[in-house]
Amino acid sequence: MAEAARLIRSGGLVAFATETVYGLGADATSPEAVAKIYAAKGRPSFNPLIAHVTGLDAAERQGRFSPDAIRLAQAFWPGPLTLVVPVADSASVCELARAGLPTVALRAPAHPVAQALLAEVGRPVAAPSANRSGRVSPVTADHVLEDLADRIDAVLDAGPTDVGLESTIVACLDGPPVLLRPGGVARGRIEALVGPL
């Protein structure tokens, strides 16, 4: 864990388990590190990345949370929900990770390995799924290595992931929340809190 955190803090790429799928982690505050994610995945840089944080307190340093966003974070974090919110003046997530947008995508993962890594790194970690773009998202460390072995610095193997499906993404911007991607949190559970999406 300490070595994985050191690699991320020094600009490396480390795949790690979340409760959804394995993520490809890099320092979200470093444009150089984030650029390595786009290159390793073959992902276009106009496609923003999710920044992983330990919880709502850390997230509120990165984004501005509306009452609906706070309600959702309190209900489903840590867990498989990503919230897209306006970027905060105090944000350290770099512009490249946000694809130049005035918003930031944030998630607090529930997996104990992910939480321990985030705490050890001490800053937001950008972590899309640890696979080349267009391929199936990995649910084991072996899947990661099959796809990215020669493109990353390390994998934290924590066995198979629990959910096996990406996080649900909800935008909480101007107006009511909007579902951007279905995933690990069912739409109905979200609508029960904030109304129709």
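For clarity, every value in this text was computed on a predicted model and none was experimentally measured.

Participant: Hey, could you go over unusual backbone geometry for me, with residue numbers and the actual values?
Facilitator: A negative phi angle is the norm for most residues apart from glycine, just as the trans form is the norm for most peptide bonds. Cis peptide bonds are those with omega within 30 degrees of zero, and the linkage from Trp77 to Pro78 qualifies with -10°. Take Pro78: it is sitting in the loop between α4 (67-76) and β4 (81-86). Of note, the phi angle at Ala99 is positive, near 55°, even though the residue is not glycine. Its relative accessible area of 22% is what places Ala99 among the partly exposed residues.

Participant: Give a detailed account of the packing of α4 against helix α7 (residues 187-194), specifying residues and quantitative values.
Facilitator: Relative to each other, α4 and α7 sit at 130°, their axes nearing to 10 Å. In terms of orientation, α4 and α7 fall into the oblique class. Viewed along their axes, α4 and α7 form a crossing whose handedness is right-handed. Residues Asp68, Arg71, Leu72, Ala75 and Phe76 of α4 form the contact with α7, whose participating residues are Arg189, Ile190, Leu193 and Val194.

Participant: How would you summarise the environment of Ser137 if you had to cite specific residues and measurements?
Facilitator: For Ser137, the location among the structural elements is in the loop between β6 (125-126) and α6 (141-148). You can call Ser137 buried: its relative accessible area is 16%. Residues Ser137 and Gly184, spaced 47 residues apart in sequence, show a C-alpha to C-alpha distance of 13 Å. The contact partners of Ser137, leaving out residues within four places of it in the chain, are Val21, Ser129, Asn131 and Glu166.

Participant: Residues and numbers for the pattern of salt bridges, please.
Facilitator: In the structure shown here, the tally under the stated rule is seven salt bridges. Put simply, Asp27 and Arg123 hold a salt bridge, and the shortest N to O gap is 2.8 Å. With Asp27 in strand β2 (residues 22-27) and Arg123 in the loop between α5 (112-121) and β6, this pair connects stretches of sequence that are 96 residues apart. Using a relative accessible area of 4% as the deciding quantity, one classes Asp27 as buried. Note on Arg123: relative accessible area 31%, which makes it partly exposed. Residue Asp150 pairs with Arg132 through a salt bridge whose shortest N-O separation is 4.0 Å. In this pair, Asp150 is assigned in the loop between α6 and β7 (154-156) and Arg132 in the loop between β6 and α6, connecting sequence segments 18 residues apart.

Participant: Please provide a residue-by-residue account of the environment of Val113, values included.
Facilitator: Its location among the elements puts Val113 in helix α5. On a C-alpha basis, the gap between Val113 and Ala17 in space is 6.6 Å, while along the polypeptide they are 96 residues apart. Residues within four places of Val113 in sequence aside, it is in contact with Met1, Leu156 and Ala158.

Participant: Help me get a handle on the sheet that holds strand β9 (residues 178-181), residues and values and all.
Facilitator: Spatially, the nine strands line up as an open sheet ordered β7-β1-β2-β6-β3-β5-β4-β8-β9, and their pairing is mixed. Pairing within the sheet leaves two strands with one partner each, and these edge strands are β7 and β9. With two bridges connecting them, strand β3 (residues 50-52) and β6 associate as antiparallel partners. Looking at β6, one finds that Ala51 is bridged to Ala126. Along the sheet face, helix α1 (residues 2-9) touches β1 (14-17), β2, β6 and β7 and points at about 55° away from the line of β2.

Cut-offs and rules
Residues numbered from 1 in each chain as written. Predicted model: local features only at pLDDT ≥ 70, side-chain atom pairs only at ≥ 80, totals over all residues. Heavy atoms only, no water. Helix = DSSP H or I, 4+ residues; strand = E, 2+ residues; numbered from the N terminus. Buried < 20%, exposed > 50% of the residue type's maximum accessible area, 1.4 Å probe, protein only. Axes fitted to C-alpha atoms, helices over the stretch in contact; angles between N-to-C directions. Parallel < 35°, antiparallel > 145°, perpendicular 65-115°, else oblique. Left-handed = near helix turned anticlockwise from the far one by under 90°. Contact = heavy atoms within 4.5 Å. Salt bridge = Lys/Arg side-chain N within 4 Å of Asp/Glu carboxyl O. Pairing = 2+ DSSP bridges.

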